[in-house]
Amino acid sequence: MEDNELNREIATALLEEIGISVDSVEDGTDAVERMNEVDADRYDLIFRCLKWMVI
């Protein structure tokens, strides 16, 4: 989760370059909604912004 669009794009590109599948959201509320929409074992790791402005 990253609220800055440019940072999100850069992080996504870097992770995908090394073969990691990436889903991204803009804020904490979106992250919680996404987690409720997918299977419990969908994600192995979640990166988050240290300044969650919305949750």
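Please refer to the structure higher up on the page.
One structure accompanies this document, and this report is about it. (Residues numbered from 1 in each chain as written. Predicted model: local features only at pLDDT ≥ 70, side-chain atom pairs only at ≥ 80, totals over all residues. Heavy atoms only, no water.)

**Comments concerning the overall build of the protein chain**
Scanning the protein chain from terminus to terminus reveals two helices and zero strands. The buried share of the protein chain, taken over its 55 residues, is 15%. Across the protein chain, every contact between residues at least 6 apart in sequence was considered, and the portion connecting residues at least 24 apart equals 51%. When the accessible surface of the protein chain is summed, it comes to about 4,600 Å², and 52% of that surface belongs to carbon and sulfur atoms. (Helix = DSSP H or I, 4+ residues; strand = E, 2+ residues; numbered from the N terminus. Buried < 20%, exposed > 50% of the residue type's maximum accessible area, 1.4 Å probe, protein only. Contact = heavy atoms within 4.5 Å. Areas by Shrake-Rupley, 256 points an atom, 1.4 Å probe, with all protein chains shown as cover.)

**Some words on a negative patch on the surface**
A grouping of Asp3, Glu5, Glu9 and Glu26 is seen on the molecular surface, where their side chains present a negatively charged patch. Of note, Glu26 is situated in the loop between helix 1 (5-17) and helix 2 (28-37). Exposure remark for Glu26: the relative accessible area of 48% places this residue in the partly exposed category. (Patch = residues over 30% accessible without salt bridge, like charges linked within 9 Å, V, L, I, M, F, W, Y side chains within 5 Å. Salt bridge = Lys/Arg side-chain N within 4 Å of Asp/Glu carboxyl O. Lys, Arg positive; Asp, Glu negative; His and termini not counted. Charge placed at Lys NZ, Arg CZ, Asp CG, Glu CD.)

**Re the pattern of salt bridges**
This structure, assessed with the given rule, holds one salt bridge. Measuring nitrogen to oxygen at the nearest pair gives 2.8 Å for the salt bridge that ties Asp23 to Arg42. Of this pair, Asp23 sits in the loop between helix 1 and helix 2 while Arg42 is found in the segment after helix 2, placing the two residues 19 residues apart along the sequence. Judged by relative accessible area, Arg42 falls into the partly exposed class, the value being 38%.

**Details of a nonpolar patch on the surface**
On the surface, Leu6, Ile10 and Leu14 cluster together into a nonpolar patch covering about 290 Å² of accessible area. Within the element layout of this structure, Leu14 appears in helix 1.

**Quick notes on helix 1**
An ideal rise of 1.5 Å per residue puts 18 Å on 13 residues; helix 1 measures up with 18 Å between its terminal C-alpha atoms. The N-cap of helix 1, judged by a side-chain oxygen 3.0 Å from the amide nitrogen of Leu6 a few residues on, is Asn4. Just downstream of helix 1, Gly19 is the residue with a positive phi angle, here 90°. (Expected span 1.5 Å × (residues − 1). Polar contact = N/O pair within 3.5 Å; in protein donor to acceptor, adjacent residues only side chain to side chain.)

Structural measurements only, silent on function.
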